[in-house]
Number of protein chains: 2
Amino acid sequence: MDTDYGIARELSDLQQLRTLYKPQLPPCLQGTTVRVEFGDATIAADPSGAHTIKRSFPRTYGQRLAHFLRATAKVPDAQLITDHPAVRVGVVFCGRQSPGGHNVVWGLFDSLKVHNPKIVLLGFLGGSEGLFAQKTLEISDEILATYKNQGGYDLLGRTKDQIRTTEQVNAALNACTILKLDALVIIGGVTSNTDAARLAEIFAERKCLTKIVGIPVTLNGDLKNHFVETNVGFDTICKVNSQLISNVCTDALSAEKYYYFIRLMGRKASQVALECTLQSHPNMVILAEEVDVSKLTLFDITKKLCDAVQARAEQDKYHGVVLLPEGLIESIPEVYALLQEIHGLLRKGVSADNISGQLSPWASALFEFLPLFIRNQLLLHPESDDSAQLSQIETEKLLAHLVETEMNKRLEEGTYKGKKFNAICHFFGYQARGSLPSKFDCDYAYVLGHIGYHIIAAGLNGYMATVNNLKSPVNKWRCGAAPITAMMTVRRYGNNPSILGQPALRPATVDLKGKAYDLLRQNATKFLMDDIYRNPGPLQFEGAGADARPMILCVEDQDYMGRIKELQEYLEKVRSIVKPGCSQDIVKAALSAMASVTDILSVMASPSSY
Amino acid sequence: MDTDYGIARELSDLQQLRTLYKPQLPPCLQGTTVRVEFGDATIAADPSGAHTIKRSFPRTYGQRLAHFLRATAKVPDAQLITDHPAVRVGVVFCGRQSPGGHNVVWGLFDSLKVHNPKIVLLGFLGGSEGLFAQKTLEISDEILATYKNQGGYDLLGRTKDQIRTTEQVNAALNACTILKLDALVIIGGVTSNTDAARLAEIFAERKCLTKIVGIPVTLNGDLKNHFVETNVGFDTICKVNSQLISNVCTDALSAEKYYYFIRLMGRKASQVALECTLQSHPNMVILAEEVDVSKLTLFDITKKLCDAVQARAEQDKYHGVVLLPEGLIESIPEVYALLQEIHGLLRKGVSADNISGQLSPWASALFEFLPLFIRNQLLLHPESDDSAQLSQIETEKLLAHLVETEMNKRLEEGTYKGKKFNAICHFFGYQARGSLPSKFDCDYAYVLGHIGYHIIAAGLNGYMATVNNLKSPVNKWRCGAAPITAMMTVRRYGNNPSILGQPALRPATVDLKGKAYDLLRQNATKFLMDDIYRNPGPLQFEGAGADARPMILCVEDQDYMGRIKELQEYLEKVRSIVKPGCSQDIVKAALSAMASVTDILSVMASPSSY
C-alpha cells in the first residue's frame, strides 16, 4: 500500500475548487523574515506538580514563551531570524485523523521553501510505525497538489498513536539520527504531544540534534489550556456533526414518533457534545463531566431521561433528540469501577471469556444486569491511554434500552399514560472525521504549519505551535510557541495524593463553571421542552456561515496570553513612573500597592490553596 | 403538539439566508396567465395491464396529457386559463418526509395568491390522520416565513402514509366535503400517489367535487416513469449521503484498518445507492436489482465480498467501503422466501415469539442460521406496502458478520494469509432526511407547487404535476401534468400470470440496461481496487457544486416528453407536405413509408411482445 501514498487523485468540482483556496497568513508571518520575542520563563499551572514536571524534564521545563512578530515590529528585545540553513525536517501524523491535518504539512512546506528552497521536508509514511521503520516520502508541491484543504490523513497515512516505550523512543531517535533530521514535527492530540515532550527531553539528554515540535491537531478539541485555544479539526467535526444532529431534529419533529439517541466522538472530554448542542439545540445532552461531578449512576441517568420523556409526553410530544458523548460511559461511577476491574484482569492476561467469573460480587452483579452487546463491548482491551474503547461501546443503545424498559414499567404501573417509547440510535464519528476541513480549520492548520517552521528556525526544542485570538479574523491572530511541559499536569492516583503519576497533557474536560456550559444550562429547559431546534446547515465554503467559529471559542473569553501581555505593560508602566527622581510619595505608594499585590498573589499561587 | 405546527422558529444564519432564496420559475409559469395545451390521450406503458387499469379507473384512465405554456405561446389549440375563482384547496404531506416538501406548499401558495388572493389554502396537520380528523392550518405568508427552503415536514407534520381502506377513503371524502375543498394536493411518493389516483376515481364516482392532484416527493427517487424524471428530495439525500460516504472513504484510507459497511435508505429500489456510488466512488456496491436478477444467495454475496477483501489484501489493502441499499435484504431469494413465510404467519395473527416453531423446515433452518439480532428484525410486522421494515433490518451487520466468519475460516484454512478483517457498520438515513434541501430540490419543489395550482385551475382530476428537461437550467424546464393512471402497472402474482393484482405505481428499480448502471459497471474494477474515492463535499448553496444535478438524471437521457413532442412535429410536417394538390408520387411515398412505420409499431406495442 506504500506506493499509493501521496499519489494524485481524482477530485470533485468542489474538491478542486478547494485546492485553489489559499489560506491567509496573519501579518506577523507574512514576508520572508520574522522576529521572535522571548517572554517570561514558563511554569506549570498547578504549582504542586511543577516540581515533579521539572524533575522529569530538566532540560525542557521552564523554557521561555516565544512570540512571533513581523520583521518591522518595534520590540527592542525581539531577534530577527535571518539564518535559514538547508535543514532537514521530518513530519509525522500521530493519532487519529482530524480534518485539516494535511494543511499543517502544506503550511510547513510553504514556509520552509520560502526561507530556503534547499530545506528538505520528509513525511513519514504510515504514522509512527513509518517513523520507526524510516519510511519517508519527500514532500513537494506536486505531491501536495491534490491534498491542499482536503480532509483525512491519506497523504501520509497514520497508524497507532504511541511513541512511548523505550523501544519506540529508541527507534524514533535512530530514525532521526540516520535521516539526519534537524527537526521532527509531530501532528497530534493530547497523547501525541505528551510523547513529543518526552522525545524532546530524551533527545536533548542523549545529545541528539533533532528538535521536536508539536502541533495541536485533534478533533476532540480537548488539547486546551492557557496557551492553546482550540485544535485543528474540532471546528469541522462540530459543524458536520451539528448538521447531522439538526437533520435528525428536523426528522424527529416531522415524524413525531421517535427519540433519537446520538453518541458523539470526542474521547473522555465532552467538548464536541457541548459545541454541537450549542449549535443545534437538541432536546437534551448528558455531559460526562456533569455525570462525573454529580456521581450519577446508570439508574439516575435513566430516571433523568425517563422523566424528560414523560414531561414531554404530557405536552403530547413523543419525539426528541438526546446527545451522549462517547466518554459518558466511563464517567458513570459503577461502570467506571467495573471497567477498572475488567481492565485489571485483561492486563493480568485473563482472557475475555473468563473475566465474568473473576469479577468481584458487585461488579459481577452489574455485569450480568447489562445487555449482552454491552458486556462484549466492555470486555474489549483498553486503549493506549488506558481508557476503554469508547468508540466501540454503544452507550446510546444501552441507555435507549434502559429507558425503554423503565417507560414500559411505568406504563404497566400506570404512572405513565402516554404512547410507547421508541428510540433510534446513532453513533456520529467516522462519517464526519474524513470531511473536507472548514475554512477555519484550513486557515488554522496552515498557519500552525508556518509557525512550526519558525520554531525550528528559532532553534527551539519541545515547543508547541500556538495561535491566540482565534475568534477574531486571521489578520488579528497572534502567533507563538509554548513549551509543552508548561501545559502538563501531574495526576494524583487513587486515595493517596502523595503518590504522583507521570507528568502529561490531560484532555481538557468541559469547564462546568465556564461560560459555554453556563449558556447551555440557561437554555436547558427551553431545549428540552420547546423543540427550538436550530440547523446550522451543511458546512459552507462561501457565503453565510462559511467563516463561523466554534461557539465555545466565541463564548469563552480565552485571551490568556493577551492578559499576560497587558499585565506586563502595567509593570512596565509602574517601572517607568517609579524612576530615580520621582517623588518620595510616589515611591511609597508604589511600594505599598505592590507589596499588597505580591502578598495576595503569593497566597493564591501556593500549592496549599489548590 | 398541534399548537406547535407552523410556529416561527429560531433559524441559524445559513437557514435565514436560505429563507431569502427565491426559486426561479420557468418561463411558462412566469406572470399571471398560463396557457394549457392538451396532448394525446394517455395509455399505460404495459399494454397487457391497460385493460385492468381502465376497468379499475373508468373515470380517470386515458385522460389527456397537459402542457403548460406561456400566455404568449403561439400554439393554436392551447387554452388561456383566465378564470380563477376563490377556490378552497387542501394540502397534505403523505408518507415519509423528504427535503423540499415545504417548498411545494410554498409554491402552491404563491401561485394561488398571485391568481386570486381570496383562494384559501388549508394545510392538514399531522398528515393523513389530520386529513381524516379535519385538523387544518390556513397557510399564510407569515406561517411560511421560517419554512421556505427548509428541510423536514414540520410545518404540517405527517403520520402514516395510507389513504386506502374504505374507512380511510370515506374519512378523506367526508373531510373534503365538510371543508368544501375544490382540490386536495397530496405530496408523497409511490404509495401516496397510488392512493391519490384511487381517491380521484372514487371522488369522481361519488360526485364529490374535490379534485385530486399528486406531487412526486420522495427521497427514494423511485417514482420514475415516462412522465416523471426524478423526485423532490432525491438530490438532497444523495448529496448529503455522498458527502458522508466520501468522508468515510477518506477515513478508511487514512486509518487503513477498517471495512465500512454502509446501508442506505431508498426502500425496494437501489436508486439512492446507485447515485451515491456514482458521486463518491466507494469500493463496492451491491444493488438489490443485481441480486434479484442473478438470484444471488446470502452465500454468493458473502463469497463475492470475501473475494473482494482477499483481492485487496493481496495488494496490502485492509480497508474499504461497501454500500448496501436497504432493499437488498428482500432481494436475496432465500431471505425473501423466509420473509414471506414470516409475514404470512404474522398476518394470521401468530405472535412473533411463536413464529420460529411454525416455519417450514428449510425456512426454519435459515432462520436458526442467522444471528439473533437479525432474527428479531425479520420478525417485525411488514410495512403498509407489504415490504419488510427495511429501515430496521441491519443487513450491513449481517453481511459484515458473515464476511468476518468466512474470512476467519479462510485464515484458519490457510487460503487467506492477510490481516484480520475488521468491519464498522453504518446506516445512513435519518441523518440526511431532515437536511436543508439542495438548490435543485428547492427549485423543483417550488415549481411543482405552482404546477399544482395550474392543474387545479385547469379543472383536472387524478393528475400528477410534472417537470421535464430537469437536467437543464430552470429556464429550460417544461411543465405539465399527467394522469397518474398512465404511470400504473399491474403486477402478476406468483406462478400464475393470469391472476392480476391491483393497478398501482410501483417503485422504479434501477434499470440494469440503463446508462447510469452501465457507467457503474465500466468503473467497478477501478472502484474496487484503486481507491479512486471522490468527495463531492458538503451540500453547497453557493459556488462550486451548488447547481449540480443528480448524476443519474444527467447520464440518463430521459427526455421522453421531448421525443413525443418531436414525433408530433414530424407527423405535423408530413401532414403539411401531403396536402391536396401535392404530387401523386409524394402521396405514394408517404403512404408506403407510414404503412411500414405503423406496422412496426403495432407489432412492438402488442401485449405478446412483453
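Preceding this paragraph is the structure being described.
For the structure given in this document, a descriptive report is provided here. Computed from a prediction, not measured in an experiment: that's the story for all the values here.

1. A closer look at a nonpolar patch on the surface
All names here are of chain A. A contiguous nonpolar surface patch, about 670 Å² in accessible area, is contributed by L567, L571, V574, M594, V597, I600, L601 and M604. Listed by contribution, the elements that provide at least two residues to the nonpolar patch are α22 (560-577) and α23 (584-605). Among the elements that line the nonpolar patch, the one with the most residues is α23, at five residues. Along the chain, the position of V597 falls in helix α23. Residue classification places V597 among the partly exposed positions, given a relative accessible area of 37%.

2. Some remarks on the nonpolar core
With 103 residues, the main nonpolar core has A:V105, A:I187 and A:I451 as its most contacted residues. The greatest single-element share of this core, amounting to ten residues, is contributed by helix α19 (residues 439-457) of chain A. B:V120, B:L179, B:V447 and B:L553 belong to the second largest nonpolar core, which has 101 residues in total.

3. A few points about the relation of the copies chain B and chain A
Placing chain B over chain A gives an RMSD of 0.1 Å and needs a rotation angle of 180°, together with 0.0 Å of translation along the axis. Expressed as an axis order, the relation between the two copies is that of a two-fold axis. Of the interface residues in chain B, 100% have counterparts in chain A that sit at the interface too, so the contact is made through matching surfaces.

4. Comments concerning the layout of surface pockets
The space that makes up the second largest pocket amounts to roughly 960 Å³. Of the residues contributing to the lining of the second largest pocket, the split by class is 21 nonpolar, six polar and two charged.

5. Digging into the pattern of salt bridges
All names here are of chain B. Overall, the coordinates contain 45 salt bridges over all chains when judged by the stated rule. Among the ionic pairs, R375 bridges to E368, the shortest N-O distance being 3.5 Å. Among the residues examined, E368 registers a relative accessible area of 42% and is labelled partly exposed. Linking E572 and R575 is a salt bridge whose minimum nitrogen-to-oxygen distance equals 3.6 Å. In this pair, E572 and R575 are both assigned in helix α22 (residues 560-577), three residues apart and thus about one turn of the helix distant. Classification of E572 by relative accessible area gives partly exposed; the value is 45%.

6. Here we look at the packing of helix α11 (residues 298-314) of chain A against helix α17 (residues 395-413) of chain A
Residue and element names in this part refer to chain A. Look at α11 against α17: their axes get within 9 Å of each other, and the N-to-C directions meet at 60°. Here α11 is positioned oblique relative to α17, judged by the angle of their axes. Classified by chirality, the crossing of α17 by α11 is right-handed. Facing α11, whose interface residues are L298, I301, T302, K303, L305, C306, D307, V309 and Q310, α17 presents L398, L399, L402, V403, E406, M407 and R410.

7. Describing the interface of chain B and chain A
Note: interface size is frequently given as the accessible area lost on complex formation between the parts. Each side of the interface is counted separately: chain B has 61 residues, and chain A has 61 residues. Both sides together, the interface formed by chain B and chain A hides about 5000 Å², and carbon and sulfur atoms give 52% of it. Across the chain B-chain A interface, the total number found is three salt bridges. Where chain B meets chain A, there are 22 residue pairs in polar contact (both at pLDDT 80 or more). At the level of elements, α1 (13-19), α8 (234-255), β12 (423-428) and α18 (430-433) of chain B are the ones that each hand at least two residues to the side of chain B that touches chain A. Of the residues belonging to the side of chain B that touches chain A, the class tally is 24 nonpolar, 22 polar and 15 charged.

8. A closer look at the pairing of strand β9 (residues 259-264) of chain B
Residue and element names in this part refer to chain B. Counting buried positions along β9 yields six of six residues, so the element is predominantly enclosed. Side chains Y259, F261 and R263 project from β9 onto one buried face, and the interleaved Y260, I262 and L264 project onto a second face that is buried too. One ladder, built from six bridges, connects β9 with strand β11 (residues 320-325); its direction is parallel. Note on β11: the bridge partner recorded for I262 is L323. Direction of pairing for β9 relative to β12: parallel, over a ladder of six bridges. Of the residues in β12, the one forming a bridge with R263 is F427.

9. So, the sheet that holds β12(B)
Strand order in the open sheet formed by four strands is β10-β11-β9-β12 (chain B), with parallel pairing between adjacent strands. Of all the strands in the sheet, just β10 (284-285) and β12 of chain B have a single pairing partner and so form its edges.

Analysis parameters
Residues numbered from 1 in each chain as written. Chains lettered and ligands numbered in written order. Predicted model: local features only at pLDDT ≥ 70, side-chain atom pairs only at ≥ 80, totals over all residues. Heavy atoms only, no water. Patch = residues over 30% accessible without salt bridge, like charges linked within 9 Å, V, L, I, M, F, W, Y side chains within 5 Å. Areas by Shrake-Rupley, 256 points an atom, 1.4 Å probe, with all protein chains shown as cover. Salt bridge = Lys/Arg side-chain N within 4 Å of Asp/Glu carboxyl O. Helix = DSSP H or I, 4+ residues; strand = E, 2+ residues; numbered from the N terminus. Buried < 20%, exposed > 50% of the residue type's maximum accessible area, 1.4 Å probe, protein only. Core = buried A, V, L, I, M, F, W, Y, C linked by side-chain atoms within 4.5 Å. Least-squares fit on C-alpha atoms with pLDDT ≥ 70 in both. Contact = heavy atoms within 4.5 Å. 1 Å grid on protein atoms, 1.4 Å probe; cavity = no way out; pocket = protein on both sides within 12 Å on 5 of 7 lines; lining within 4 Å. Points joined across faces, edges and corners; volume = space filled by probe spheres on them. Nonpolar A, V, L, I, M, F, W, Y, C, P; charged D, E, K, R; others polar. Axes fitted to C-alpha atoms, helices over the stretch in contact; angles between N-to-C directions. Parallel < 35°, antiparallel > 145°, perpendicular 65-115°, else oblique. Left-handed = near helix turned anticlockwise from the far one by under 90°. Buried area = accessible area lost by both parts, 1.4 Å probe. Polar contact = N/O pair within 3.5 Å; in protein donor to acceptor, adjacent residues only side chain to side chain. Pairing = 2+ DSSP bridges.

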